Amino acid sequence: MAEKELFKIGFSTALSGVEKNHGKAQVEAVKIAFDEAKKEGLNFNLELIIGDDGAEADKAIEVARKFSSDPLLVGVLGPNGSDATKAGAPIYNNAGLPCITFSGSVTDVSQKGYLTFFRLIPNDDAQAEVIINFLDYFLKVKELLLINDNTKFAIGLNEYMEKHAQKKGIKILDKIEIQDVGNRLAEIVDKVAQANPKYIFFAGMEPICNSAALKLRKKGIKSIYLGTDAIKPSKFLTTPGFDVDGPYQSNVCTDLYRNEQTQDFTQKFIEKYGKIYSVYTAEGYVTAKLLINAMKKCETDITRENMLKNVKLTKMNSIIGNISFQVNGELETSKIGFYKFKNQQDLEFIGFSTDILK
């Protein structure tokens, strides 16, 4: 019997830096998908190659170059986050290597004409429009202060928030950058106090946003906080000990604690690894299955070119919903979940954008 030919799938994710907890769980989820595929039987040998992009541009470029130079590597999961996604996408495109990010939301990557780029979550522009619609319809917000941490994700999201706020007649009181909270806290507090906002929208990574949120509370700011990434275990926009409403937060990835479709996967994950981590974990599993299915459809001719054709034609039912792609690599349909923290501690699900914003 002839030996099966070896092919590889690369996974560019964060195993270091502020997103490392996400990356670890995503790798574990991907390994479950690989194990399932191998048990079902493959007519080729399959290897997972993991690269640590740290959710950073420079590291993502290194990983992308390494993956692109390996002729046996025919598909990529990732990169992780917007900075890494934007940096890696042109390299994968030049190599004809299909890549599917499930955590990089930076909008303009899908507007550059890359043929190999795909995404499993809404981009920043789409997110911002839905969030503004929620603030307008559900919370009746009239004025809003925007804070960002100077990352591509945060800056882009705030820009789109401002654009869509103008369409709804919501006044943007100010846009404040908190790249270095320690050195700029007094300035930030003064600006926020001067604006005296009822609502503050935070866009950025959780450590710096959490620090700013707490310090603003300690200075007497009682604004209602708004933000993304509701299901992160750190509850990073909550401020325990302060009697303030909220925060309200959105979420673009699958909530494994509240999604009945993911129960079998969640049980497998817990049995194998002990505890589930919900942030983009299901998306990692589904993306791996998508790429493996694309390989199967290649039959005896697994090439990057054929993989790309199969990914483009994806029509897949999955634990996170139905998946098919637009010409630019964006999902055909998507939805965003909205949540509120009760007593700054207990996460309550409000509903999906597709249901509450009809």
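The structure presented is a predicted model; accordingly, all values stated were derived computationally and were not measured.

Trainee: Explanation requested: the pattern of salt bridges in the structure shown.
Mentor: A side chain of one charge can pair with a side chain of the opposite charge when the charged atoms of the two come close. For the structure on display, the rule yields 15 salt bridges. One salt bridge in this structure joins glutamate 28 and lysine 24, with 2.7 Å as the shortest N-O distance. Within this pair, glutamate 28 and its partner lysine 24 are both found in helix H1 (residues 20–40), separated by 4 residues, close to a single helical turn. Note on glutamate 28: relative accessible area 13%, which makes it buried. Of the charged contacts in the structure, one is a salt bridge between aspartate 35 and lysine 272, with a shortest N-O distance of 3.9 Å. Within this pair, whereas aspartate 35 is found in helix H1, its partner lysine 272 is found in helix H8 (residues 263–273), the two being separated by 237 residues in sequence. Taking relative accessible area as the criterion, aspartate 35 reaches 32% and is therefore assigned partly exposed.

Trainee: Which parts of the structure should I look at to understand empty space enclosed by the protein?
Mentor: Unfilled space is identified by rolling a water-sized probe across the atoms. One pass over the structure, following the stated rule, counts 2 cavities of 30 Å³ or more. Looking at the largest cavity, its volume works out to about 230 Å³. What lines the largest cavity is a set of 18 residues, and nearest its centre among them are Ser103, Ser105, Phe153, Asp229 and Tyr280. For the lining of the largest cavity, the elements supplying multiple residues, two or more each, are helix H3 (81–94) and strand E10 (248–251). Take the lining of the largest cavity: its biggest share by element is 3 residues, from H3. By residue class, the composition of the lining of the largest cavity is 4 nonpolar, 10 polar and 4 charged. What the second largest cavity holds in volume is close to 50 Å³. Only helix H4 (124–137), strand E9 (224–227) and E10 provide two or more residues apiece to the lining of the second largest cavity. The class makeup of the residues in the lining of the second largest cavity is 7 nonpolar, 3 polar and no charged.

Trainee: What am I meant to see in the pairing of strand E3 (residues 73–77) here?
Mentor: Two faces, one strand: in a regular strand the side chains alternate between the faces of the sheet. Here E3 lies mainly inside the structure; 5 of its 5 residues are buried. As paired strands, strand E1 (residues 6–13) and E3 are joined by 4 bridges and run parallel to one another. When the sheet's bridge partners are listed, isoleucine 9 is paired in E3 with glycine 75.

Trainee: Teacher, can you tell me more about the packing of H1 against H8 here?
Mentor: For any two helices packed against each other, one specifies the inter-axial angle together with the distance between the axes. Relative to each other, H1 and H8 sit at 105°, their axes nearing to 11 Å. It follows from the interaxial angle that H1 and H8 lie roughly perpendicular. Between H1, through Ala25, Glu28, Ala29, Lys31, Ile32, Asp35 and Glu36, and H8, the contact on the second element is made entirely by Phe265, Lys268, Phe269, Lys272 and Tyr273. When the residues that make up the contact of H1 with H8 are grouped by side-chain class, the tally is 6 nonpolar, no polar and 6 charged.

The rules behind these values
Residues numbered from 1 in each chain as written. Predicted model: local features only at pLDDT ≥ 70, side-chain atom pairs only at ≥ 80, totals over all residues. Heavy atoms only, no water. Salt bridge = Lys/Arg side-chain N within 4 Å of Asp/Glu carboxyl O. Helix = DSSP H or I, 4+ residues; strand = E, 2+ residues; numbered from the N terminus. Buried < 20%, exposed > 50% of the residue type's maximum accessible area, 1.4 Å probe, protein only. 1 Å grid on protein atoms, 1.4 Å probe; cavity = no way out; pocket = protein on both sides within 12 Å on 5 of 7 lines; lining within 4 Å. Points joined across faces, edges and corners; volume = space filled by probe spheres on them. Nonpolar A, V, L, I, M, F, W, Y, C, P; charged D, E, K, R; others polar. Pairing = 2+ DSSP bridges. Axes fitted to C-alpha atoms, helices over the stretch in contact; angles between N-to-C directions. Parallel < 35°, antiparallel > 145°, perpendicular 65-115°, else oblique. Contact = heavy atoms within 4.5 Å.

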